[in-house]
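Remarks on the overall topology
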Amino acid sequence: MLLLAALFAAPLCARSAGPIDLEQISQVPAQLFDEGSGLPDLTVTAVETAPDGFVWVGTMRGVARFDGHRMTAVPGPDNALTGPIRDLKIEPTGQVWVATARNGVYRWDGHDWQRFDENVGLPAQNAIRLRVFAAEQGPRLFATGAGFVAEWDGKRWHPHALPDALADVEIFDVELLEQDGIQTLWIASFGQGLLRCVARAPCTSVTMPGPGPRFFEVSSLASVAETDGSTSLWVGSYGGGLARLNAGQWTRFHSGNTALTGDYVLRLQTLPRTGKRPQLWVGLRSGLARLRHGEFEMVAPVGQWANGRINSLSVTRDAQDNAQLWVGSDAGAARMRLQGNWRTISRAGQRGNGVWSVLFEADGAGNERLWLGTDGEGLLRYEGGEWQQYGTAEGLPTMTARTVVRVPDGSALGQLWVGTWDGHIARFDGARFREMPTPWPKFDREAVGVILPVSENEVYVGLRAGGVAHWIDGQWRRFDPADPVNPARVPDLQLTGTDGDRVLWATTYGRGLARLRDGQWRYFYRDIGLPADDLGGITLMPDAKGRQILWIGSKAHGVLRIDVSEPDAPRMVTTPALPDPPDRYVYGVERDGAGDLIVCTNYGAARWRPRADGSFDALTFHRSDGLPHDECNGGALTIDSLGRAWIGTIGGAAVYLPRPPGSEGAQAPLRIARVTADGVDRTADVLAGAIRLKADARSFDVQYSLLNGDREALTRYRTRLEPVEAQPGDWSDAHSRSFTGLPPGSYVLHVEARDYAGVHAKPLAVKFDIPLPWWRQPLAEAAFAIVALGAGLILLRWRERQSRQREQQLIELVRLRTHELETRGLELRRMNEELTRLSYHDALTDLANRRMLLERLHGEWELSQARGTSLAFLLFDLDQFKAYNDHRGHLAGDDCLRDLGHRIEAELRKPEDTAGRYGGEEFGVVLPGLSLDQAMVVAERIRRAVETAGLSHPTTPQGVVTISVGVAAMQPRPGLSAELLIAAADAALYRAKQTGKNRVEAASPDHPRNPANS
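Only a predicted model underlies this, so the values are computations on that prediction, with no experimental measurement involved.

Examining the overall build of the chain
- Of regular secondary structure, the chain possesses nine helices and 69 strands.
- Principal-axis analysis of the C-alpha atoms places the extent of the chain at approximately 115 × 85 × 75 Å.
- The contacts of the chain with a sequence gap of at least 6 include a subset with a gap of at least 24, amounting to 53%.
- Here the chain has roughly 45,700 Å² of accessible surface; of this, 50% comes from carbon and sulfur atoms.
- Where the 111 positive side-chain charges of the chain centre and where its 123 negative ones centre are 3 Å apart.

A word on the nonpolar core
- Leu874, Phe876, Leu878, Ile904 and Leu927 are the most contacted members of the largest nonpolar core, which totals 29 residues.
- Those elements giving two or more residues to this core turn out to be strand S65 (871–878), helix H6 (881–888), helix H7 (890–906), strand S67 (922–928), helix H8 (932–948) and strand S68 (963–970).
- If one sorts the elements of this core by residue count, H8 sits on top with five residues.
- Sequence-distant contacts of leucine 927, that is, excluding residues within four places in its chain, are made with Leu871, Ala872, Leu874, Leu908, Arg909, Asp913, Ala935 and Val938.
- Counting 27 residues, the second largest nonpolar core, distinct from the first, contains Ala677, Phe700, Leu742 and Ile770.

A short note on the state of the cysteines
- According to the stated counting rule, one finds two disulfides in the structure shown.
- With its sulfur 1.9 Å from that of its partner, cysteine 197 forms a disulfide with cysteine 203. Its S-S torsion of about 110° marks the bond between cysteine 197 and cysteine 203 as right-handed, since a negative value means left-handed.
- Given a relative accessible area of 6%, cysteine 197 falls into the buried group.
- Assessed through its relative accessible area of 14%, cysteine 203 is described here as buried.
- At a sulfur-sulfur separation of 2.2 Å, the disulfide partner of cysteine 600 is cysteine 632. Of note, the bridge from cysteine 600 to cysteine 632 carries an S-S torsion of about -70° and is left-handed in sense. Placement of the pair is cysteine 600 in strand S51 (residues 597–601) and cysteine 632 in strand S54 (residues 632–639), with a sequence separation of 32 residues. Taken individually, cysteine 600 and cysteine 632 each receive the classification buried, so the pair is uniform in this respect.
- Disulfide partners in the chain, listed by the sequence order of the bonded cysteines, are 1-2, 3-4.

Let's talk about the sheet that holds strand S64 (residues 764–770)
- Ordered in space as S59-S64-S63-S61, the four strands form an open sheet in which the pairing is mixed. The strands lining the two open edges of the sheet, one partner per strand, are strand S59 (691–692) and strand S61 (716–722).

Brief notes about the side chain of threonine 420
- Considering the arrangement of structural elements, one finds threonine 420 in strand S35 (residues 415–420).
- Residue classification places threonine 420 among the buried residues on the basis of a relative accessible area of 0%.
- For threonine 420, the contacting residues outside a window of four places in its chain are Pro397, Thr398, Thr400, Ala401, Arg402, Ala447 and Val448.

Quick word on a positive patch on the surface
- Together, Arg445, Arg464, Arg489 and Lys555 give the surface a local cluster of positive charge.
- In this structure, arginine 489 sits in the loop between strand S41 (475–479) and strand S42 (492–498).
- Residue class for arginine 489 comes out partly exposed when judged on its relative accessible area of 34%.

With respect to the sheet that holds strand S18 (residues 218–225)
- Strands sit in the order S18-S19-S20-S21 across an open sheet of four strands; the sheet is antiparallel. On the outer flanks of this sheet lie S18 and strand S21 (249–253), each paired with one strand and no other. Strand after strand, the sheet turns through a mean of 20° between neighbouring axes, direction not considered.
- Note: strand S20 (residues 241–246) against S21, five bridges, orientation antiparallel. When the bridges of S21 are listed, leucine 245 appears paired with tryptophan 250.

Here's the deal with the packing of aromatic side chains
- Taken as a whole and judged by the stated rule, the model has 41 aromatic pairs.
- The interplanar angle of 70° and the centroid separation of 5.8 Å between the aromatic rings of tryptophan 342 and phenylalanine 621 together place this pair among those described as edge-to-face. Taken together, the residues tryptophan 342 in strand S29 (residues 342–346) and phenylalanine 621 in strand S53 (residues 616–621) connect sequence positions 279 residues apart. Grouping residues by exposure puts tryptophan 342 and phenylalanine 621 together as buried.
- A ring pair is formed by tryptophan 608 and phenylalanine 616, whose centres lie 6.3 Å apart and whose planes are at 55°; its orientation type is tilted.
- Taking the ring centre of tryptophan 551 as reference, the NZ or CZ of arginine 561 above it sits at 5.6 Å.
- Note that arginine 711 overlies the ring of tyrosine 756, its terminal NZ or CZ placed 4.8 Å from the centroid.

Considering unusual backbone geometry
- In the segment running from threonine 575 into proline 576, the intervening peptide bond is cis, with an omega of -5°.
- Omega for the peptide link from glutamate 722 to proline 723 comes to 10°, which places this bond in the cis form.
- With respect to the element layout, proline 723 can be found in the loop between S61 and strand S62 (736–740).
- The residue aspartate 321 is not glycine, and still its phi comes out positive at about 65°.
- Position of aspartate 321 relative to the elements: it lies in the loop between strand S26 (310–317) and strand S27 (323–329).
- The phi dihedral of glutamine 880 is positive, around 50°, even though this residue is not glycine.
- Along the chain, glutamine 880 turns up in the loop between S65 and H6.

Notes on the pairing of strand S31 (residues 368–374)
- Most of S31 is tucked away, with seven of its seven residues classed as buried.
- Covered by surrounding structure in S31 are Glu368, Leu370, Leu372 and Thr374 together with Arg369, Trp371 and Gly373, the residues of both alternating faces.
- Note that strand S30 (residues 355–362) and S31 share seven bridges and pair antiparallel. Residue pairing in the sheet places leucine 359 in a bridge with tryptophan 371 of S31.
- Relative to strand S32 (residues 379–383), S31 is paired through four bridges, and the arrangement is antiparallel. Within the sheet, the bridge partner assigned to leucine 370 lies in S32 and is tyrosine 382.
- Joining the antiparallel neighbours S31 and S32 is a turn of four residues, in which glycine 376 adopts a positive phi near 95°.

Conventions adopted
- Residues numbered from 1 in each chain as written.
- Predicted model: local features only at pLDDT ≥ 70, side-chain atom pairs only at ≥ 80, totals over all residues.
- Heavy atoms only, no water.
- Helix = DSSP H or I, 4+ residues; strand = E, 2+ residues; numbered from the N terminus.
- Contact = heavy atoms within 4.5 Å.
- Areas by Shrake-Rupley, 256 points an atom, 1.4 Å probe, with all protein chains shown as cover.
- Lys, Arg positive; Asp, Glu negative; His and termini not counted.
- Charge placed at Lys NZ, Arg CZ, Asp CG, Glu CD.
- Core = buried A, V, L, I, M, F, W, Y, C linked by side-chain atoms within 4.5 Å.
- Buried < 20%, exposed > 50% of the residue type's maximum accessible area, 1.4 Å probe, protein only.
- Disulfide = S-S within 2.5 Å.
- Pairing = 2+ DSSP bridges.
- Patch = residues over 30% accessible without salt bridge, like charges linked within 9 Å, V, L, I, M, F, W, Y side chains within 5 Å.
- Salt bridge = Lys/Arg side-chain N within 4 Å of Asp/Glu carboxyl O.
- Axes fitted to C-alpha atoms, helices over the stretch in contact; angles between N-to-C directions.
- Phe/Tyr/Trp six-rings, centres within 6.5 Å; stacked < 30°, edge-to-face > 60°.
- Lys NZ or Arg CZ within 6 Å of the ring centre and 35° of its normal.

Written as structure tokens, this is what we have:
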């Protein structure tokens, strides 16, 4: 049996241990931000959230600010903030403090940056750590560095007196605590350990008692307010784990006595929780941990980094007041939603098809149990905080448990039945599973897809290939699909009616909806308006009028509804209209405890919340929201007694925690992110009020963002420019507006936004003026009038006529100037588009250049991974091309490469395939969706096209230009990268060169760079 020691280490016996602790069992969803998201560098050293909702990030190559859509670099004055950042902190007033490694400390007050160094009392050029502590007289700001701790008084830095032993010693952190009116400053030093400074008394060294690893390199400090009113001091050490001081007693925590995977602590962070003890989060060199219920546990965010170094931690809350943890690591910044709808609870079966079935059980006495039927890992049970695995050694016929149910047998819960792949059914007798004799054939394409209990002595079974079987009073009756009147492939079953007139409904593949009544089958398809004959999960959900409505998933038409109140005359239900699901391939739909519909599809899940008018508010969920995978499994969606939805996917299992309607109704702040006029930043001026542009201003750009902290990609905006536009534009995801050539006048840009839940934010308005040119100012016009009066009555008429002509000329001039600006803007855009095209194409061959080729390869890698399809890559170069250049010259060599580019293009599928110049005489081809054998055919076709072109080559054996080709293909999987495909193709190309040239070689199965070996 496959023993997954990391997950399932419990004994075989069952034990009751209360409700399932979802916070313990689940993985936290995280959203990762890297250089592709706009970070200046992957190594994130600090993350802080400002009161206005913007998130500031420090990296080893500068500062960035997250506006809800992307990270934007903040270079600071004279690019002072583009180097290594040691720390940053934000005061409650919104002032941002940044400690650089080279240029001192900077502060952003919302308008300007200001530098603070030795001239204002900072003891050294650079600071290591910044800390802000709340106090009655206002926040207190501290800075630490090599041999110093300094406090800011609003004008200057004031160093604290430290022992001589700390001279030039790095001070990594400080913590300020107050008890009975006496303040104590705790100091974390690297090499001299922990020091305590009470009031104005000299600082004293604190020796850490108790067994454990070394504790003289102290890295981080944090205080926790305990539920008994006391305060604990937590101390993190680089190499010594953690220590806690409470009521005068020290306690050590390290990898030797806790679940911590390492003793190198870099950062501590407390998470306040209303009515509960604050939670302590620990950033280690080996990952992320938290203290919960007095025990440390490692936290593995869904789909992000594993065992990476955690440099910084910061707590914030989204617009709905849900806690979030920002994590800075060597792999970028991550936003972890500590509270959310979805939680991954298991990654079981991810090497196969994941989790096929989920069964949640509660015994009514507060004890809960979870069963997972997996692909390849048997049956899993979670109870009492531990996983237990059942496989063939415990009596299961196979290691793939396709469906798990309880069948009534007179006991409180009933007997556990498990249907497996190959078509077996096993029943649990309390100690092991025992196979039940069944009448249908067992083979590798058969599976027990659904077991529908009716009573203690009656069960219906739906099979993947063998149709339907009926077990009653210990006897089987099989509806053999060899008889065409019986169904064959049955995904799901549902009963309606009463004991006196019971009707069995079956969804089928290929025959629509089947009905068994009075022992006779009847099929409904196009005769009742069904748009599909391939159907999936089936759920009975009566409507408000008591009508029996079957909600059915389909392979290509989403969710279908059929009214079966009259079993002989079922009819399609089409109103109210249903939202579009995330994917048209729907496996099933269920109603959760909040009355919402949960829809599971081939690409994501959805929540459909009924509105008062009968329509639905739709919200989609994917892996970034906490799902283990985007593809659900059929038959693996169930609602437990608490109204929670449990689902199985091909990447594991997850649980959905319903929220009552109205819980997502808080308004998020709509903010101005950036404003520029002719390329000059005017954001601060706009925030201060209306701004006045120059009379000749050519462009005005406004960026805005709804800072709701969750699912920003679903945020929608619309705007209206007053007085130019009478109505707002359409809702879209565009979060900026640009204006050119506006005439003089006063304008107001009105911006509206709504979040993923449809909640509208408070609109904002950007006011700006474009003044008249000087010659149209009132003073100038008055001067012109005085001159005209002095010229006399005779000149008056002539002057008025000239003035009118001049005014018309000026109006025409403005029109022409505006047209000229618009024309220049269009030309500039065309030039930019041409530059972009040139940056992605090779000028010689007119193929994609290396940059575009690699971007296309990485993009197709992600798409192939999501679709589960193959991706192939060809790498080839010209044989003996240097000799060709030596004999014919480089101009002839360029002509040869150009001709080769045209011949490659002629052999490819368009637009699926992409060919590009990899470098010199090397070329690469990206072939989405092709297996290795298919890619070999394409490669051979290209090789022959080059050879038969007959381009003369004096030094090849054939006398013509030839190429050698390396071919590699694989199905991308998580944890691998596209570089593996390149390396495999390169190895195959090398082998082609070594074995005679002018040939095509596939990646060797035994080669270490073969993708199939990864």
